[in-house]
Every structure is written in C-alpha cells, then in structure tokens.
Amino acid sequence: WVEFIKEKFPDATKVAILSYNNDFGKTYKTALGEALPDAGYEIVADVVHEATSDLSNEVTQLLAGGPDVIIGGTTSTFCTSLMTLARQGGFTGPILNSYTCQSIQQFMVPAGEAAANVFTLVVAKDPSDPTYADDPAVQQYIEDVGTYGPGIDATVGNVFTGYNAAFYVVDALTRAAEMDGGLTR
C-alpha cells in the first residue's frame with residue numbers, strides 16, 4: 001500500500017489504520033506500523049476492532065485523526081461498514097481495503113456511492129465483474145457452481161474463495177495420487 005499511496009496520492013501525508021483484532025488484522029497493523037513511518041507517513045489513528053463491533057466508535061476515532069487516507073485491514077461486512085461510516089462521517093479521501101474485501105457484489109454494491117474512491121487488492125478474477133464475463137475460467141466456475149451448488153449465488157466472493165480452495169485441494173490430491181506410491185492415507 002505504501003507504494004500505491006505514493007503513486008496515486010502523492011499529496012497524502014496522514015494515514016489512519018483500522019485492523020481486525022485477529023492474526024490477520026495484527027499482521028496488517030504490524031506491517032503498516034513499520035512501513036508507513038519508514039516512508040514518511042504519519043499514522044494519525046491506529047484502531048483495532050472486535051468481531052462484535054458495528055465500527056461506529058472505531059470509524060469516529062479514525063476520522064478524528066484527520067487522515068488523508070484510510071487503510072482497512074479488516075474483512076467481511078466490516079469492509080462495507082468502514083466505507084459507509086467513513087463517508088457518512090464526511091471522509092471523501094481514498095479508502096484502501098484488504099484483499100478480503102475484493103468482491104464487488106458482496107462489499108462494493110451494498111456500500112453504494114460510499115464505495116467511490118475505494119481501492120482493494122485483487123488476487124482473483126471477480127465473477128461479478130463484467131470484465132470477466134467471457135473469460136473461460138470464470139465461465140467454468142459459474143457452470144460448476146450451478147451444477148454442484150444449485151441456488152448458490154456464484155457472484156458472492158466467499159463462494160469463489162471456497163471454490164478456489166477446493167480447486168487447489170483437488171489438484172494436490174490428484175498430483176499426489178499420480179506419484180510413486182500414490183495416496184497412502
């Protein structure tokens with residue numbers, strides 16, 4: 001994120017960080033806590049949230065710091081809540097969310113206009129993104145979900161994440177079965 005901020009928002013100097021109180025969020029907090037100051041950025045708020053929070057208090061703390069950029073090291077519905085609450089609080093600057101917030105259908109659509117000027121790391125082709133409508137791998141995924149999970153919305157990011165995990169498990173087991181000795185347990 002440091003290089004992204006430098007390139008896209010060269011006038012930004014103050015960053016606020018929201019992180020989830022779990023190992024994932026702690027990794028974000030630790031890495032950004034070192035990288036941002038080393039790059040000359042001031043961390044004006046560094047707030048951790050619990051699984052039970054609605055983020056109202058945490059976002060108020062972030063905004064009180066007067067950040068130029070907010071970074072969300074969080075996941076699930078907290079991604080949408082961060083965007084929505086920050087915009088309701090008057091923040092118009094960029095929000096940089098973790099890769100766990102990459103699903104357009106799951107997180108951006110519910111946020112509506114609050115998702116403007118929000119960026120996330122994308123590690124897969126989002127099946128709800130029209131850009132990939134003709135992509136053979138995305139088409140195969142949608143077909144597979146329709147076949148093996150009738151009634152499941154293939155555009156939901158968590159479904160895609162589960163599908164990808166299953167793909168790698170099947171691939172690893174198939175390769176292991178083909179090795180000398182095959183699968184033994």
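Residues numbered from 1 in each chain as written. Predicted model: local features only at pLDDT ≥ 70, side-chain atom pairs only at ≥ 80, totals over all residues. Heavy atoms only, no water.

S.K.: Would you mind going over the overall build of the protein with me for this structure?
M.R.: From N to C terminus, the protein includes seven helices and five strands. Along the protein, helices and strands appear, N-terminal first, in the series α-β-α-β-α-β-α-β-α-β-α-α. Each of the three principal axes of the protein carries a C-alpha extent, and together these read 60 × 35 × 35 Å. Put simply, the protein has 185 residues, and 37% of those count as buried. (Helix = DSSP H or I, 4+ residues; strand = E, 2+ residues; numbered from the N terminus. Buried < 20%, exposed > 50% of the residue type's maximum accessible area, 1.4 Å probe, protein only.)

S.K.: What is the right way to read the side chain of Asp129 from this model?
M.R.: Among the structural elements, Asp129 can be located in the loop between β5 (118-120) and α6 (136-148). For the buried Asp129, no salt bridge is present, and the opposite-charge side chain at shortest range is Lys125, 11 Å distant. A polar side-chain atom of Asp129 sits 2.9 Å from a polar atom in the side chain of Thr131. (Lys, Arg positive; Asp, Glu negative; His and termini not counted. Salt bridge = Lys/Arg side-chain N within 4 Å of Asp/Glu carboxyl O. Polar contact = N/O pair within 3.5 Å; in protein donor to acceptor, adjacent residues only side chain to side chain.)

S.K.: How should the sheet that holds strand β4 (residues 95-97) be read in this particular structure?
M.R.: Two orientations exist for strands paired in a sheet by backbone hydrogen bonds: parallel and antiparallel. Overall, parallel pairing links the five strands, which are arranged β2-β1-β3-β4-β5 in an open sheet. The outermost strands of the open sheet, each flanked by one partner alone, are β2 (42-49) and β5. Averaged over neighbouring strand pairs, the angle between their axes works out to 20° when direction is ignored. As defined by bridge partners, β4 adjoins β5 across three bridges and the pair is classed as parallel. In the strand pairing of β5, Asn97 is matched with Thr120. Docked against the sheet, helix α3 (residues 56-64) engages β1 (14-20), β2 and β3 (69-73), running at close to 175° with respect to β2. (Pairing = 2+ DSSP bridges. Axes fitted to C-alpha atoms, helices over the stretch in contact; angles between N-to-C directions. Contact = heavy atoms within 4.5 Å.)

S.K.: I keep staring at the side chain of Asp135 and nothing clicks. Help me out?
M.R.: For Asp135, the location among the structural elements is in the loop between β5 and α6. A residue is classified by how much of its surface remains accessible, and Asp135, at 15% relative accessible area, is buried. At 2.9 Å, the side chain of Asp135 forms a polar contact with the backbone nitrogen of Ala137.

S.K.: Explain the nonpolar core here, please?
M.R.: Inside soluble globular proteins, nonpolar side chains tend to come together where they are buried. Formed by 22 residues in total, the largest nonpolar core has its most connected members in Leu62, Ile70, Leu82, Met83 and Ile95. The greatest single-element share of this core, amounting to five residues, is contributed by helix α4 (residues 77-88). Once residues within four sequence positions are removed from consideration, Leu82 is found in contact with Leu18, Leu55, Val59, Leu62, Ile70, Gly72, Ile95 and Asn97. In this structure, Phe9, Leu32, Val69 and Leu96 belong to the second largest nonpolar core, which totals 13 residues. (Core = buried A, V, L, I, M, F, W, Y, C linked by side-chain atoms within 4.5 Å.)

S.K.: Teacher, can you tell me more about the environment of Pro110 here?
M.R.: As for its position among the elements, Pro110 is in helix α5 (residues 104-111). Once the C-alpha coordinates of Pro110 and Thr80 are considered, the two residues, 30 residues apart in sequence, prove to be 7.0 Å apart. In contact with Pro110, not counting residues within four places along its chain, are Thr80, Ile104 and Gln105.

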